[in-house]
Structures are given as structure tokens and as C-alpha cells.
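# Chain and residue survey
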Amino acid sequence: MAAYADARAAADSVLPLATDAPLYDKIRRRTREDGVEAIGSIKDYTLVECFRTVNGKRQLLLGMKKRGFGVGKWNGFGGKFDAGETVRDCALRELEEESGLAPERMEWRAQLLFTFRDSGKLMRVHVFAAEGFDGEPVETEEMAPRWFDVDAIPYAEMW
């Protein structure tokens with residue numbers, strides 16, 4: 001646990017994975033001041049945004065959620081950590097489980113922090129961009145993947 005808590009999401013990241021960092025103190029204070037239930041737990045997730053270029057057009061792979069949270073909405077690929085998993089390992093596993101794809105290149109791009117009002121839980125999402133896939137995505141029990149031109153992303157149908 002200590003190695004994870006002291007780690008960074010990527011070698012060049014300035015965002016700590018440790019939850020006792022000043023950033024998290026600021027979030028806890030702001031939460032209390034806004035009258036929202038205090039942040040009691042932080043849950044980590046991954047999100048992998050898959051890109052390709054076809055006939056000169058940049059495309060993003062999204063999956064239609066078939067079950068669970070966000071069902072009936074388009075989303076990127078990712079999810080919860082398994083015990084002992086690194087951030088990168090979780091992202092790769094979730095992408096393969098949900099789309100059948102394994103990228104040639106995957107880079108850490110961001111860390112998102114959010115909560116649903118009154119939930120008392122902070123969600124920390126580690127975002128990756130991936131490219132270079134051998135083959136096409138496959139539909140799984142959880143997601144039905146589809147490529148979208150980046151200028152035609154269905155934002156109104158996403159969560």
C-alpha cells in the first residue's frame with residue numbers, strides 16, 4: 001500500500017496518488033463548507049480513450065453501456081482496480097475486457113476528481129489515450145463499441 005500511496009500516475013505527473021496530499025485537504029474543506037457530506041472515501045478508476053485515423057479523419061472509440069452504471073449511454077473504456085493492480089495495468093485490462101483491444105501505445109494524460117453531490121465519495125479517474133490497435137473492437141457483455149469521427153461525438157448521449 002505504501003508504494004501505491006507514494007506513487008505518481010505517471011513519471012512526469014505532479015498529481016500524487018497519496019490521499020493525504022494538500023489537494024485532498026482542500027477538497028475536504030470545500031466539501032464541508034458547501035454543506036455536502038464530508039468526503040469519506042476515495043475510489044480509483046481508469047478511463048482509456050482510444051483514437052485512430054481513417055482516411056485522414058481522427059476517430060474516437062466509445063462503447064454503449066449495456067449494463068450497470070451508465071446503461072444506454074456512450075462512454076470510454078475503463079473501470080475499477082483489482083487488488084494489487086497498477087494504474088496502467090488496470091487501464092489495459094479494462095480496455096481488453098470491454099473491447100477486446102490491446103493498444104500498441106498508451107499514455108497517461110490526466111487525473112479527474114469528482115463526486116456526486118451528497119455522496120460522500122470522491123472518484124479519482126486516471127485518464128489514458130491509446131492508439132495503434134491490431135484488429136477491430138468486439139462487443140462484450142458490458143459494451144458495444146463504435147468508432148466516431150471526433151467532429152461527430154454524440155455528447156448528448158454520453159454520461
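The notes below deal with the structure included here. Along each chain, residues carry numbers from 1 onward, in the same order as the chain's sequence is written. Given that this is a predicted model, residues contribute local features only at a pLDDT of at least 70 and side-chain atom pairs are listed and counted only at 80 or more, while totals for whole chains, interfaces and linings are drawn from all residues. The side-chain numbers reported here are obtained from all heavy atoms of the structure, hydrogens and water having been left aside.

### Section: the overall build of the chain
- Check the secondary structure of the chain and you find three helices and six strands.
- Note on exposure labels: buried denotes an accessible area under 20% of the residue type's maximum, exposed denotes more than 50%, and partly exposed covers the range between, all computed with a 1.4 Å probe on protein chains only. Residues counted as buried form 42% of the 159 residues belonging to the chain.
- Here a residue-residue contact requires only that any non-hydrogen atoms of the pair lie within 4.5 Å. The contacts of the chain with a sequence gap of at least 6 include a subset with a gap of at least 24, amounting to 64%.
- Only the protein chains shown count as covering a residue, and every accessible area follows the Shrake-Rupley method with a 1.4 Å probe. As displayed, the chain has an accessible area near 9,300 Å², and 51% of this comes from carbon and sulfur atoms. For the purposes of this entry, the term helix denotes a DSSP run of H or I that reaches at least four residues, the term strand denotes a run of E that reaches at least two, and both are numbered from the N terminus.

### Some points on the pattern of salt bridges
- Think of a salt bridge as a Lys or Arg side-chain nitrogen and an Asp or Glu carboxyl oxygen that are within 4 Å of each other. Counted by the stated rule, this structure contains 15 salt bridges.
- Of the charged contacts, one joins Lys57 and Asp149 as a salt bridge, the two residues approaching to 3.7 Å between their closest N and O atoms. Highlighted residues: Lys57 in strand 2 (residues 57–65) and Asp149 in strand 6 (residues 143–149), separated in sequence by 92 residues.
- Taking the relative accessible area as the measure of exposure, Lys57 reaches 37% and is therefore partly exposed.
- Relative accessible area serves as the criterion here: at 24%, Asp149 is assigned to the partly exposed category.
- Note that Arg109 and Glu107 form a salt bridge whose closest N and O atoms lie 3.3 Å from each other.
- On the basis of relative accessibility, which here comes to 51%, the residue Arg109 falls in the exposed class.
- Here Glu107 falls in the partly exposed class, since its relative accessible area comes to 46%.

### Here's the deal with the side chain of Asn75
- With respect to the helices and strands, Asn75 occurs in strand 3 (residues 74–75).
- On the accessibility criterion, Asn75 (17% relative accessible area) is buried.

### Remarks on unusual backbone geometry
- Despite not being glycine, Asn55 shows a phi value in the positive range, around 50°.
- Tracing the chain through its elements places Asn55 in the loop between strand 1 (41–54) and strand 2.
- Residue classification places Asn55 among the exposed residues on the basis of a relative accessible area of 79%.

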